[in-house]
Amino acid sequence: MLNFIGSLGNYAIGKIASLGRATIMLYHALIGKPNFKKHFGLLVAQIYFIGVLSIIIIIVSGLFIGMVLGLQGFNILKDFMATGSLGQLVSLAIIRELGPVVTALLYAGRAGSALTAEIGQLKASEQLSSMEMMGVDPLRRIISPRFWAGVISMPLLSMMFCLVGIYGGKLVGVDWLGLDEGVYFSGMQSSVLLVDDIGAMVVKAFVFAIACTWIALFNGYDCKPTSSGISKATTATVVQSSLAVLGLDFVLTALMF
Amino acid sequence: MQQNIVEIKNLSFSYSGNVIYDDISLNIKRGQITAILGPSGTGKTTLLRLIGGQLKPTQGSIIFDGDEINGISRQKLYEVRKKMSMLFQSGALFTDINVFENVAFPLREHTKLPDILIRDLVLMKLEAVGLRAAAYKYPQELSGGMARRAALARAIALDPLMIMYDEPFVGQDPITMGVLVKLIKDLNTHLNISSIIVTHDVAEVLEIAHYVYILHNAKVLGHGTTQEIKNSNDPMIKQFINGLYDGPFAFNLKSQTSYIKEL
């Protein structure tokens, strides 16, 4: 029993200590004036890797989720003779919830795991260490551009997801099942508000971006420098990011809607 | 200017309960090659990391070129590190960029030199280690010895005051080893770079070192000029220098339980 309590306490202390290390890492990565000339190129390269290369998976997922929503929504609404509300249903569901959440989950799997594995490998092969000894701060050279790239990319990806998702709903509802296009889009227009819905979506995406990127970078930076350490860190990134996104989504929804 | 580039005073360091260093003091003279010898597992690499400020000592002071490394601000530490350089055992080249870019990396980070000048500097550094022909190869295309020489070119890119070599001879064939020994000596004489070589390859390092420290059991076992160490009468130093099986050094790690009991 005593052992159990002891190990529980040890676990809690370990978690809190790593939260502290994560905060220190982010602090050192983000303070100080950036050298725009030097860091802009790094940032662009990371936005390409984190953002641009994620576009395909985001667009395909968005399209299919929109199409499924359209199909399910249409079949249910038909029973109530309310298929005219399909545009409202699809656009609100996607903009308020599915857009930012699914984007963040896909981002954690596609970009987050890659970031953790990359930084873990840099650490395991002493490349971070040798950078430190050269007088180049890896937090500012490696961590910082990746963090900003994530924070910039995810809201944009989330917007793309919403756009394509709504179009997917239209593909099924209008082009396949014969709903009037004007009804679909006027339903969307009259119910989606710029600040309350789209603004909230951007805020959510922004918060998820910070959480996912931070988790991914810290797991890589803090991993055991062995092959099993890297694999554990990569798994931890996906698990922790997903849980963080779902938890934060609930909190943000409760606060904003 | 101080005579010693590194002064370590009363340094103690423990890591997760193990005492690695217990109150040791070392001086590294400017412009000399200092060898730090000791059996594997005595934490010789740890000493280099302490000097480089990657690890914090439990106690004591480390002064590099007049700056106290222990307790320095993070920003100042990164400034000081520009004056020193470390050759990692693995080379630790950046694997995503080619040899040329690896050597250019510190120059691009720390100077505002135009590309054309960086190109010339990099080619000069690569020529110094005999790898100009491999400039556009990637680290994974290099042999172990070539990787270490490329890392050496990168280490001298900013013309540091001091280079720390972490086991530079491990796993090298005799010819590469000879090349590395000559390179380290040449860098020391021509560029007047102070060098610390951490190694257990005694024969090679005694050829070029000016001064020798031998570490054992968290203490300095002995130190002196290369001649003094070679002529030492201390049985432990003798055994280590000559690589004898029989002597005061135990082959087995000390165990808590007796062999018979454990079986």
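Remember, predicted model here, so these are calculated numbers, not experimental data.

Thresholds, definitions, all that
- Residues numbered from 1 in each chain as written.
- Chains lettered and ligands numbered in written order.
- Predicted model: local features only at pLDDT ≥ 70, side-chain atom pairs only at ≥ 80, totals over all residues.
- Heavy atoms only, no water.
- Helix = DSSP H or I, 4+ residues; strand = E, 2+ residues; numbered from the N terminus.
- Buried < 20%, exposed > 50% of the residue type's maximum accessible area, 1.4 Å probe, protein only.
- Contact = heavy atoms within 4.5 Å.
- Expected span 1.5 Å × (residues − 1).
- Salt bridge = Lys/Arg side-chain N within 4 Å of Asp/Glu carboxyl O.
- Polar contact = N/O pair within 3.5 Å; in protein donor to acceptor, adjacent residues only side chain to side chain.
- Nonpolar A, V, L, I, M, F, W, Y, C, P; charged D, E, K, R; others polar.
- 1 Å grid on protein atoms, 1.4 Å probe; cavity = no way out; pocket = protein on both sides within 12 Å on 5 of 7 lines; lining within 4 Å.
- Points joined across faces, edges and corners; volume = space filled by probe spheres on them.
- Axes fitted to C-alpha atoms, helices over the stretch in contact; angles between N-to-C directions.
- Parallel < 35°, antiparallel > 145°, perpendicular 65-115°, else oblique.
- Phe/Tyr/Trp six-rings, centres within 6.5 Å; stacked < 30°, edge-to-face > 60°.
- Lys NZ or Arg CZ within 6 Å of the ring centre and 35° of its normal.
- Pairing = 2+ DSSP bridges.
- Arc of directions from axis to C-beta.

1. Topic: the overall build of chain A
Thought 1: For chain A, the helix and strand inventory stands at nine helices and zero strands.
Thought 2: Reading the secondary structure of chain A in the N-to-C direction produces α-α-α-α-α-α-α-α-α.
Thought 3: In terms of overall dimensions, chain A has a C-alpha envelope of 70 × 60 × 30 Å along the principal axes.
Thought 4: The buried share of chain A, taken over its 257 residues, is 45%.

2. Focus: the side chain of S195 of chain B
Residue and element names in this part refer to chain B.
Thought 1: Mapped onto the elements, S195 comes out in strand β8 (residues 194–199).
Thought 2: The exposure class assigned to S195 is buried, which follows from its relative accessible area of 1%.
Thought 3: In contact with S195, other than residues within four places in its own chain, are Q32, I33, T34, I163, Y165 and N188.

3. Looking at helix α3 (residues 55–79) of chain A
Residue and element names in this part refer to chain A.
Thought 1: Spanning 25 residues, α3 covers 36 Å between terminal C-alpha atoms, matching the ideal 36 Å at 1.5 Å per step.
Thought 2: Those residues of α3 lying buried are I58, S61, G62, G66, L69, G70, G73, F74 and L77.
Thought 3: Buried positions along α3 lie against α4 (86–124) and α6 (138–176).
Thought 4: Once α3 ends, the next one or two residues include M81, with phi positive near 55°.

4. Quick notes on the interface of chain A and chain B
Thought 1: The interface is formed by 17 residues belonging to chain A together with 22 residues belonging to chain B.
Thought 2: In this structure, the connection of chain A to chain B is made through three salt bridges.
Thought 3: Here E109 of chain B makes a salt bridge to R141 of chain A, at a shortest N to O gap of 2.5 Å.
Thought 4: Counting across the interface, chain A meets chain B through 14 residue pairs in polar contact (both at pLDDT 80 or more).
Thought 5: Looking at the side of chain A that touches chain B, the elements that each hand over two or more residues are α5 (127–133) and α6 of chain A.
Thought 6: Considering each element in turn, the side of chain A that touches chain B owes the most residues, six residues, to α5 of chain A.
Thought 7: The class makeup of the residues in the side of chain A that touches chain B is six nonpolar, six polar and five charged.

5. Considerations on unusual backbone geometry
All names here are of chain B.
Thought 1: Phi is positive for N10, close to 45°, though the residue is something other than glycine.
Thought 2: A relative accessible area of 43% means that N10 is categorised as partly exposed.
Thought 3: A positive phi angle, near 50°, is found at A92, a position not held by glycine.

6. Things to note about empty space enclosed by the protein
Thought 1: In total, this model carries three cavities of 30 Å³ or more according to the counting rule given.
Thought 2: Taken as a whole, the largest cavity spans an internal volume of roughly 70 Å³.
Thought 3: Lining the largest cavity, in full, are S130, M133 and M134 of chain A together with M84, S85, M86, A151, R154 and A155 of chain B.
Thought 4: Split into classes, the residues belonging to the lining of the largest cavity amount to six nonpolar, two polar and one charged.

7. Considering the packing of helix α1 (residues 2–30) of chain A against helix α8 (residues 194–221) of chain A
All names here are of chain A.
Thought 1: One way to put it is that α1 packs onto α8 with a least axis distance of 10 Å and a crossing angle of 105°. With respect to each other, α1 and α8 are oriented roughly perpendicular. Contacts between α1 and α8 involve S18, R21, A22, T23, M25 and L26 from the former and W214, L217, F218 and Y221 from the latter.
Thought 2: Broken down by class, the residue content of the contact of α1 with α8 amounts to seven nonpolar, two polar and one charged.

8. Regarding the packing of aromatic side chains
Residues and elements named next belong to chain B.
Thought 1: According to the stated counting rule, one finds five aromatic pairs over all chains in the structure shown.
Thought 2: Judged by centre distance (5.5 Å) and plane angle (20°), the rings of F100 and Y136 are stacked. With F100 in helix α3 (residues 99–110) and Y136 in the loop between α4 (115–128) and α5 (144–155), the pair connects residues that are 36 residues apart, well separated along the chain.
Thought 3: The exposure class of F100 is buried, given its relative accessible area of 7%.
Thought 4: In this structure Y136 comes out as exposed when scored by relative accessible area, which is 53%.
Thought 5: Just above the ring of Y78 sits the side chain of R81; from NZ or CZ to the centre is 4.9 Å.
Thought 6: Geometry around F94 places R154 over its ring, the cationic atom sitting 4.6 Å from the centre.

9. Remarks on the side chain of S153 of chain A
Thought 1: Mapped onto the elements, S153 of chain A comes out in helix α6.
Thought 2: Beyond its immediate chain neighbours, meaning those up to four positions away, S153 of chain A contacts I47, I50 and G51 of chain A.

10. Let's talk about the sheet that holds strand β1 (residues 4–15) of chain B
Residue and element names in this part refer to chain B.
Thought 1: Ordered in space as β2-β1-β4-β5, the four strands form an open sheet in which the pairing is antiparallel. Here the strands that pair on one side only, and so sit at the sheet edges, are β2 (18–29) and β5 (67–68).
Thought 2: Sheet topology places β1 next to β2; eight bridges connect them, and they run antiparallel. Counted as the bridge partner of S14 is V19 from β2.

11. Concerning the sheet that holds strand β3 (residues 33–37) of chain B
Residue and element names in this part refer to chain B.
Thought 1: The strand order β6-β7-β8-β3-β9-β10 describes an open sheet built from six strands, whose pairing is mixed. Looking at which strands have only one partner, the edges of the open sheet turn out to be β6 (84–87) and β10 (219–225). Between one strand axis and the next, the sheet turns through 15° on average, direction left out of account.
Thought 2: Note: β3 against β8, five bridges, orientation parallel. Considered in β8, the bridge of T34 is made with I196.
Thought 3: Contacting β3, β9 (211–216) and β10, helix α9 (residues 235–242) runs over the sheet at an angle of about 105° to β9.

12. Quick word on helix α2 (residues 36–50) of chain A
All names here are of chain A.
Thought 1: The terminal C-alpha atoms of α2 lie 20 Å apart, and with 15 residues this matches the ideal 21 Å at 1.5 Å per residue to within 8%.
Thought 2: Restricting attention to buried positions, one finds in α2 the residues L43, Q46 and I50. The arc that holds every buried residue of α2, seen down its axis, measures 65°, which confines them to one face. Away from the buried face of α2 by more than 90 degrees, exposed residues K37 and F40 are located.

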